[in-house]
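Fold and geometry: a report
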Amino acid sequence: MVKKLFKFLGALIFSLFFILQNGYGSDREVIDRLGRVVRVPIDPVRVVSLAPSVTEVVFALGQDQKLKGVTQFSNYPPEAVNFPRVGSYVHLDVEKIVSLRPDLCLAIKDGNPIDAIRRLERLNIPVYAVDPRNLDAVMEMISDIGDLLDAVRQAEMIIKDMKERIEKVKTLVSRIQERPKVFFQIGVAPIVSVGTQTFLHELITLAGGYNLTQGGVSYPRMTVEQVLAMGPDVLIITSMTRGQSFESVKAQWKRWESIPAVKNNRIYLVDSDIVDRPSPRLVDGLEMLVHYINPELLKQTP
Amino acid sequence: MNSLKSHVIKRIFAVCTVLSIFLLCAMILGLSTGSSGGEILTGIKMVFSFFTDDASHDAMMQTIIWQIRFPRVLLAALVGATLSLGGLVFQALLRNPLAEPYILGISGGSAIGAILGILVGLSRFPGVAGTAFIGSMGTLALVLVMASGQTVLKKDSLLLSGVMVNAFCSAVIMFLISLTQDSRIHNILFWLMGDLSLAEMNQVMILAATVLPCFLLIFCLSNSMNLMLLGKEMAGSMGVNIKAVTIILLVTTSFMISSTVSQCGLVGFVGLVMPHLLRLLLGPDHRVMVPACIVGGAGFMVACDLLARTLPQHGEIPIGVITAMIGAPLFIFLLKRSKS
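The following refers to the structure shown. (Residues numbered from 1 in each chain as written. Chains lettered and ligands numbered in written order. Predicted model: local features only at pLDDT ≥ 70, side-chain atom pairs only at ≥ 80, totals over all residues. Heavy atoms only, no water.)

Quick look at unusual backbone geometry
Residue Pro77(A) is reached from Tyr76(A) by a cis peptide bond, and omega for that bond is -10°. Along the polypeptide, Pro77(A) turns up in the loop between β4 (67–69) and α3 (94–99). A positive phi angle, close to 45°, is found at Arg101(A), a residue other than glycine. Structurally, the position occupied by Arg101(A) is in the loop between α3 and β5 (104–108). Among the residues examined, Arg101(A) registers a relative accessible area of 43% and is labelled partly exposed. Positive phi, normally seen in glycine, also occurs at Arg95(B), with a value near 50°. Within the secondary structure, Arg95(B) sits in the loop between α3 (59–93) and α4 (101–104). (Helix = DSSP H or I, 4+ residues; strand = E, 2+ residues; numbered from the N terminus. Buried < 20%, exposed > 50% of the residue type's maximum accessible area, 1.4 Å probe, protein only.)

See the structure below:
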């Protein structure tokens, strides 16, 4: 009888212990942007970022002391280069990640390979996936990461600043009569442009331009012939194409005098990292695009 | 007859012991090095501390060794064994020392099937493995039809048709890739040159369950392969059903090649390097060569994977690049020698 009582008490204490641990422990459950329930530490201190954009957000939130690893092409801010590398965004080095003993990995939905994410989870490493598919979602992503890293206030400040600057651009752009036709070139050989489902399309449209290659194909391949026929008013080339200088690409377009952008010398270079990387710097990119696409708007303001 | 058999068994045993030591060394090295850094010696200690219950047991290191490196090493071993055995069988059946699944386009055919499977969104097993098998059978048939009409498949015609099938396969692969818009394309590109980096235990188990029975079947038919090399009449008079054996061997080999391709992409020339090296050392007896190719090929591949992981400072080289860099010069050398 006494034995039974002891057994019962033991079981009770045991279960209480578990309840306490779950209720007041150092973990909590959140739902990430892949719709999965993820157990994350309340205050993670060993974070591995699985994309350059995530690294930028963590730095912008001032939480870089929690960062323990970044991906190969994390180049902004410059300090990010000094962190251990865990492979590239599309080819993660799982062993390296595990060896950094992360208590949280931040991944990108539809960017990092899902196999690698599942793999990390099976090794008991929590992975939270963000989904920065457009400008609004980038702000969601900043708020998500701020929430995870205990930097809610910083996140709110960044988002407020971004929203204000976007609003400013919107009021400016509402004054234009006609949208200049923009051809945005992200690839040189072959010539590649951007469709509707991209950041660049969103930024061009917000900046008061008309994206000539909008449509269902995200990264359509174009020919010189097609570009000539469309007659863009503005030609913007990103620095994405490595190894080829902006000047040589510009010189190639210069041959076609019939393009309005060539006639009026409106060919510009933009750093691809600030227009296609889902980070707070997208707003810098947006303001730069306004400057290139609708320069007269900026002249009117005092 | 009996004494001959026991002699063969003794030889098989001796050869396998030596090659197993090579394989074991390669595996231990493979387990003790990796991208998380650290000295090789401490790595080896870590590997052995698992068996000795050492106090220096480091949980994180043990996870890395047994859950990340171990499946990868095993997968490399299985793939190496399959590909070199595949090379051996093709060389025997087609009586052509230059035959090899990659060169003949069998691997390319499975790659087309596998990519189609991936693009349609099938699961890796059995979906992608199935489409890869269909692809490999298709190219096998194509190669055989193109090179048929001769009793002995001539070196040049067989190789030429293989080269053409391969060229066609790469064109189809590039076509499929240029049609794809989404982010899966990066994975496919890595996978095309051979990618073992995402090896997992259940994947290894599935592959083992599919290829190990094939190994056994091929070993059982190894004496028939010996007889068939002596000539059709000879083999027929010794009671070998040539047609049946040929078909069984071709289908089995294509099956196991396509399962490895669906798991880890295109890895070329392994089926050329190991069989030739071992034939030089051991002679042409297939009863010895089949087990030797299995164990030796496994060791070779584990060693190549080790190179692929450790040569670059960051990231890794696709394993197909390493095997091709070793295998292609050897192929040219063999071609030159067989011509003179």
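Section: a nonpolar patch on the surface
All names here are of chain B. A cluster of nonpolar side chains, contributed by Leu142, Met146, Val163 and Met164, occupies part of the molecular surface with about 350 Å² of accessible area. The set of elements that each furnish at least two residues to the nonpolar patch consists of α6 (124–146) and α7 (155–179). On the basis of relative accessibility, which here comes to 42%, the residue Met146 falls in the partly exposed class. (Patch = residues over 30% accessible without salt bridge, like charges linked within 9 Å, V, L, I, M, F, W, Y side chains within 5 Å. Areas by Shrake-Rupley, 256 points an atom, 1.4 Å probe, with all protein chains shown as cover. Salt bridge = Lys/Arg side-chain N within 4 Å of Asp/Glu carboxyl O.)

Some points on the layout of surface pockets
In this structure, the second largest pocket encloses a volume near 700 Å³. Together, 33 residues line the second largest pocket, and Asp93(A), Ser35(B), His314(B), Gly315(B) and Glu316(B) are the ones closest to its centre. For the lining of the second largest pocket, the secondary-structure elements that each account for two or more residues are α3 of chain A together with α3 and α14 (286–310) of chain B. Across the lining of the second largest pocket, the residue classes tally to eleven nonpolar, twelve polar and ten charged. (1 Å grid on protein atoms, 1.4 Å probe; cavity = no way out; pocket = protein on both sides within 12 Å on 5 of 7 lines; lining within 4 Å. Points joined across faces, edges and corners; volume = space filled by probe spheres on them. Nonpolar A, V, L, I, M, F, W, Y, C, P; charged D, E, K, R; others polar.)

Considerations on the packing of aromatic side chains
Throughout the structure, instances matching the rule amount to six aromatic pairs over all chains. For the pair Tyr102(B) and Phe269(B), a centre-to-centre distance of 5.5 Å together with 55° between the ring planes defines the contact as tilted. With a gap of 167 residues between them, Tyr102(B) in helix α4 and Phe269(B) in the loop between α12 (242–264) and α13 (270–282) connect regions that are remote in the sequence. Centroid distance Phe133(B) to Phe255(B): 5.4 Å. Interplanar angle 85°. Geometry classified as edge-to-face. Pair noted here: Phe133(B) is in helix α6 and Phe255(B) is in helix α12, with a separation of 122 residues, a long-range link. Using a relative accessible area of 24% as the deciding quantity, one classes Phe133(B) as partly exposed. A cation over an aromatic ring shows up here: Arg281(A) above the ring of Tyr76(A), its NZ or CZ 3.4 Å from the ring centre. (Phe/Tyr/Trp six-rings, centres within 6.5 Å; stacked < 30°, edge-to-face > 60°. Lys NZ or Arg CZ within 6 Å of the ring centre and 35° of its normal.)

By themselves, these observations are geometric and do not establish any function.
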